[in-house]
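Examining the three-dimensional arrangement
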Amino acid sequence: MSRVGLEGQVAVVTGAARGVGELLARKLSARGATVALVGLEEEELKAASERLHGDGGYWYADVTDHEAMSRVAREVKERFGKVDIVVANAGVANGGPFVDSDPVAWRRVIEVNLIGSAVTARAFLPVLTESRGYLLQVASLAAMTPAPMMTAYCASKSGVEAYAHSLRAEVGYQGVRVGVAYLSWTDTDMVRGADQDDVMRELRQRLPWPSNKTYPLGPAVDRIADGIERRSSHVYGQWWLRGMQGVRGYLPALIGTVGQREMRRYASRLQGMRSGLVGAGGAADEAERTTERN
């Protein structure tokens, strides 16, 4: 597929304070795009915007807040004149047994990852239609394969994958392209936060190769940036994820069998596992909601 040069393009990246979003913003900026960073961590966003290679800015907003995201879409267009690319990247995660999970944290994973992605698209689709632009939805290996101890995350990423595929069919005739990006375990604050729990770390290490590795962030983000230039329908942060598409139909039954054996192995260690959001981004989200309640 031919590439669309990013020089002069305006890109919006949510969840841009750290991790995939922050590095992707810098990569897009280095390729010539003007980048608008969106997220909850205002100081981190400000610092990230200062590391951009060209013009850009940052907007403090919760992706689940429709009014806030509509304001961001309006202000980004007013400042830069248009929006060509939107990357719905914002996400949080929790882990542990479903029955013992914090119901608030479990629901928040769904709200940010799935509802927040839809709110982002709803806010920006009018301007993307004007520019005949591109929306990239960041999903995960978790969209392709279920995993025990990750019920909320798998549900949310399966949901955004299906939603983005549906949306592609709806808006394609208007010139808007929609893509889905898939990432395996990548070296981010979220993955490092999950690994702080011994059971979660050991379970992941027991996965079959190559899904048991943590992959460097840089090459994965380079692949995403390449996919954005191609306006790809599917973008794979790790080379082997493309091959998963052909076997994913067999995985629920396989994991249902193997997963039972693994859960039996760790049953005595499950009590007391942390059930809140993981990583620095999760901590920032929890702090934001605590502030709102107070």
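Let us look at the structure shown here. (Residues numbered from 1 in each chain as written. Predicted model: local features only at pLDDT ≥ 70, side-chain atom pairs only at ≥ 80, totals over all residues. Heavy atoms only, no water.)

1. As for the pattern of salt bridges
Summed over all chains, the structure comprises 23 salt bridges. A salt bridge links Asp-226 to Arg-31; its shortest N-O distance comes to 2.8 Å. Taken together, the residues span a long stretch of sequence, with Asp-226 in helix 8 (residues 217-230) and Arg-31 in the loop between helix 1 (19-30) and strand 2 (34-39) at a distance of 195 residues. Asp-84 serves as the salt-bridge partner of Lys-82, at 3.3 Å between the closest nitrogen and oxygen. The exposure class assigned to Lys-82 is partly exposed, which follows from its relative accessible area of 31%. Three or more residues joined by partner-sharing salt bridges are found here, namely Arg-18, Glu-41, Asp-187, Asp-189 and Arg-192. (Salt bridge = Lys/Arg side-chain N within 4 Å of Asp/Glu carboxyl O. Helix = DSSP H or I, 4+ residues; strand = E, 2+ residues; numbered from the N terminus. Buried < 20%, exposed > 50% of the residue type's maximum accessible area, 1.4 Å probe, protein only.)

2. Focus: the packing of helix 4 (residues 103-131) against helix 5 (residues 151-171)
At their nearest, the axes of helix 4 and helix 5 sit 7 Å apart, and the two run at 20° to each other. On the basis of the axis angle, helix 4 is roughly parallel to helix 5. Of the two possible hands of crossing, helix 4 and helix 5 adopt the one that is right-handed. Every residue of helix 5 that contacts helix 4 at Trp-106, Val-109, Ile-110, Asn-113, Leu-114, Ser-117, Ala-118, Ala-121 and Leu-125 is listed here: Thr-151, Ala-152, Tyr-153, Ala-155, Ser-156, Lys-157, Gly-159, Val-160, Tyr-163, Leu-167 and Val-171. The class makeup of the residues in the contact of helix 4 with helix 5 is 14 nonpolar, five polar and one charged. (Axes fitted to C-alpha atoms, helices over the stretch in contact; angles between N-to-C directions. Parallel < 35°, antiparallel > 145°, perpendicular 65-115°, else oblique. Left-handed = near helix turned anticlockwise from the far one by under 90°. Contact = heavy atoms within 4.5 Å. Nonpolar A, V, L, I, M, F, W, Y, C, P; charged D, E, K, R; others polar.)

3. Examining unusual backbone geometry
Of note, the amide linkage connecting Trp-209 to Pro-210 takes the cis form, showing an omega dihedral of 5°. Along the chain, the position of Pro-210 falls in the loop between helix 7 (198-205) and helix 8. For Arg-132, which is not a glycine, the phi torsion comes out positive at approximately 50°. Take Arg-132: it is sitting in the loop between helix 4 and strand 5 (134-138). Although it is not a glycine, Met-149 adopts a positive phi angle of roughly 75°.

4. What about the packing of aromatic side chains?
Given two aromatic rings, their pairing is described by the distance between the two centres and the angle made by the two planes. Tallying each qualifying case throughout the model produces five aromatic pairs. Between Trp-59 and Phe-80, the ring centres sit 6.2 Å apart and the planes meet at 75°, which makes this aromatic pair edge-to-face. With Trp-59 in strand 3 (residues 56-60) and Phe-80 in helix 3 (residues 66-80), this pair connects stretches of sequence that are 21 residues apart. Take Phe-80: its relative accessible area is 16%, and that puts it in the buried class. Look at Tyr-215 and Trp-240: their rings are 6.3 Å apart centre to centre, the planes differ by 40°, and that puts the pair in the tilted class. With a gap of 25 residues between them, Tyr-215 in the loop between helix 7 and helix 8 and Trp-240 in the loop between strand 7 (234-236) and helix 9 (241-244) connect regions that are remote in the sequence. Per residue, the accessibility class of Tyr-215 equals that of Trp-240, and both read buried. (Phe/Tyr/Trp six-rings, centres within 6.5 Å; stacked < 30°, edge-to-face > 60°.)

5. Points about the environment of Thr-120
Among the secondary structure elements, Thr-120 is positioned in helix 4. Judged by its relative accessible area of 1%, Thr-120 is buried. Setting aside residues up to four positions removed in sequence, Thr-120 forms contacts with Thr-14, Val-63, Met-69, Val-86 and Ala-88. At a separation of 2.8 Å, a polar atom in the side chain of Thr-120 contacts the main-chain carbonyl oxygen of Gly-116. (Polar contact = N/O pair within 3.5 Å; in protein donor to acceptor, adjacent residues only side chain to side chain.)

6. Here's the deal with empty space enclosed by the protein
Applying the stated rule across the entire model yields one cavity of 30 Å³ or more. Of the pockets and cavities examined, the largest cavity occupies roughly 40 Å³. Around the largest cavity sit Asn-94, Gly-95, Gly-96, Pro-97, Phe-98, Ser-101, Trp-106, Met-149, Met-150, Thr-151 and Ala-152, which together line it. Residue composition of the lining of the largest cavity, grouped by class: six nonpolar, five polar and no charged. (1 Å grid on protein atoms, 1.4 Å probe; cavity = no way out; pocket = protein on both sides within 12 Å on 5 of 7 lines; lining within 4 Å. Points joined across faces, edges and corners; volume = space filled by probe spheres on them.)

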